[in-house]
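What the coordinates show
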Amino acid sequence: MTTMRTPADYTLGLHELGEGCHAYLQPDGGWGWSNAGLIVADGRSLLVDTLFDLDLTAAMLDAMAPLTAGAPIDTVVNTHANGDHCYGNGEVTRRRPDVEIVASSATAHEMSEVPPAMLAALNSAPGEVGELFRSFFGEFHFDGVELVPPTRTFDGRLDLDVAGRTIELIEVGPAHTEGDTIVHVPDAHTVYTGDILFIGGTPIVWAGPLTNWIAACDLMLDLGVETVVPGHGPITDTAGIVAVRDYLAVVDEQAAAAHRAGVDAFDAARDIGRVLAGDDRFAGWGETGRIAVNVETVYRTLDPTHETPDVVEQFRRMAELERQ
């Protein structure tokens, strides 16, 4: 269901960015194949996000071991509550029981709403539901995963000191989820965006409003960053931020117009999907079916009484659009 992202430097594993910053990338960046980050200072390290299951997180930590042997991870930041950015917390705490896990208050609250056991049950469900969810998440192993929640929460902004380096946590949600956070490393002109950026893949707006996400893109552009590590997809620069902002602006405008005209949300998603497919700025992006969720979010923002389908139906609709 995905389109491959194929830049020459987009390969599985740890990538050095300079100034003690590193990105751990998981091609092809589609459903569940998320990125993480490592910021190394003098004798200490900060990990930005864990991965979707314990085995993937263990492989990542093993790849980081040459760097963390002399600078152990003592802080983990979860950028948001989706499992592909936090389900691996337990593998970190197994190795480092005293590690501090930091997230926004909204993220900490939302983590409890989709426990790993729920995804394990959906993946193993009989019939059409199980087939549907395995088509998205069948490569991941959720059995036995116990989510380890944050040990420290914040609202708005929080500056962390990592061996004399200031790391800025900036809450920009609700947008992708209820509590998105970006991690800014000012002295390296680098930002780790979590799922505020999907590069080469279609953003999915579970929470919204889209205007919050657009504002988050504008905020990142104002930071003066040069290196941008997205939640999914290859490393980028400010051009990647602009592309996501432009996509969201188009969807917000088109969906609002459809809502005013009384068009059914799923019908509007089909129509807007065709518009996006013809726009060179978004050509070749994967996971195009996510437009169904994005239009629902616009409709719900404009009319709080709008009833969005349950999560199973939303995944069914995304799969249907991608088959067309």
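Coordinates for the structure precede this section.
Residues numbered from 1 in each chain as written. Predicted model: local features only at pLDDT ≥ 70, side-chain atom pairs only at ≥ 80, totals over all residues. Heavy atoms only, no water.

**Description of the packing of aromatic side chains**
Two measures describe an aromatic ring pair: the distance that separates the ring centres and the angle between the ring planes. Operational definition: Stacked, edge-to-face and tilted are the three classes for Phe, Tyr and Trp ring pairs, Trp counted by its six-membered ring, which pair at centre distances within 6.5 Å; planes under 30 degrees apart are stacked, over 60 edge-to-face, the rest tilted. Segments assigned H or I by DSSP are reported as helices when at least four residues long, segments assigned E as strands when at least two residues long, and all are numbered from the N terminus. Think of it in three bands: with a 1.4 Å probe and only protein chains considered, a residue is buried below 20% of the maximum accessible area for its type, exposed above 50%, and partly exposed in between. Distance and angle both matter: a charge sits over a ring if NZ of Lys or CZ of Arg is within 6 Å of the ring centre and within 35 degrees of the ring normal.
Scanning all chains against the criterion turns up 18 aromatic pairs. A centroid spacing of 4.9 Å and a plane angle of 75° characterise the contact between Phe-136 and Phe-315, whose relative ring orientation is edge-to-face. Separated by 179 residues along the polypeptide, Phe-136 in helix 5 (residues 127-137) and Phe-315 in helix 10 (residues 311-323) bring together distant segments of the chain. When the centroid spacing of 5.8 Å and the interplanar angle of 70° are considered together, the rings of Phe-137 and Phe-315 count as edge-to-face. Here Phe-137, found in helix 5, pairs with Phe-315, found in helix 10; they are 178 residues apart in sequence, far enough to count as distant. On the basis of relative accessible area, Phe-137 is assigned to the buried category, the value being 6%. One aromatic cluster is present, formed by Trp-31, Trp-33, Phe-52, Tyr-87, Phe-133, Phe-136, Phe-137, Phe-140, Phe-142, Trp-206 and Phe-315 through successive ring pairs. Looking at Arg-270, its charged tip hangs above the ring of Phe-266, at a distance of 4.1 Å from the centre. Against the face of Phe-266 rests Arg-317, its NZ or CZ located 4.8 Å from the ring centre.

**Here's the deal with the side chain of Gln-26**
Note the following rule: Nitrogen and oxygen atoms within 3.5 Å of one another constitute a polar contact, given that in protein one can donate a hydrogen and the other can accept it, and given that sequence-neighbouring residues count only through two side-chain atoms. The contact rule is simple, with two residues in contact once any of their heavy atoms fall within 4.5 Å.
With respect to the helices and strands, the residue Gln-26 is situated in the loop between strand 2 (21-25) and strand 3 (36-40). Look at Gln-26 and you get buried, because its relative accessible area is 2%. Within the local environment of Gln-26, its side chain forms a polar contact with the backbone oxygen of Ser-34, the two atoms lying 2.8 Å apart. For Gln-26, the residues in contact, after removing those within four places along its chain, are Tyr-10, Leu-12, Gly-32, Trp-33, Ser-34, Asn-35, Leu-51 and Leu-56.

**Section: the pairing of strand 10 (residues 181-185)**
Worth spelling out the cut-off: Should DSSP find at least two bridges between two strands, the strands are taken to pair.
The buried fraction of strand 10 amounts to five of the five residues, a majority that puts the element mostly inside the structure. Covered by surrounding structure in strand 10 are Thr-181, Val-183 and Val-185 together with Ile-182 and His-184, the residues of both alternating faces. The pairing of strand 9 (residues 165-171) with strand 10 spans four bridges and is antiparallel. Looking across to strand 10, one finds that Ile-170 is bridged to Ile-182. Pairing between strand 10 and strand 11 (residues 190-192): three bridges, direction antiparallel. Bridging from a neighbouring strand, Val-185 pairs with Thr-190 of strand 11.

**Some words on the side chain of Asp-53**
The test is simple: Working convention for charge: Lys and Arg count positive, Asp and Glu count negative, and His plus the chain ends are omitted. Any Lys or Arg side-chain nitrogen located within 4 Å of an Asp or Glu carboxyl oxygen qualifies as a salt bridge.
Here Asp-53 lies in the loop between strand 4 (45-48) and helix 1 (54-68). Although Asp-53 lies buried, it forms no salt bridge, and the closest oppositely charged side chain, Arg-95, sits 11 Å away as judged by the N-O distance. Of note is the side chain of Asp-53, whose polar atom sits 3.0 Å from the backbone nitrogen of His-141. Contacts of Asp-53, omitting those with residues within four sequence positions, involve Gly-88, Phe-140 and His-141.

**Quick look at the sheet that holds strand 8 (residues 157-162)**
Under the convention used in this document: Under this scheme, a helix contributes an axis fitted over its contacting stretch, all axes are lines through C-alpha atoms, and angles between N-to-C directions fall in the 0 to 180 degree range.
Taken together, five strands build an open sheet; the order of strands is 8-9-10-11-12 and the sheet is mixed. The open sheet has two free edges, formed respectively by strand 8 and strand 12 (227-229), since each of these has just one partner strand. With strand direction ignored, the average angle separating the axes of adjacent strands in the sheet is 20°.

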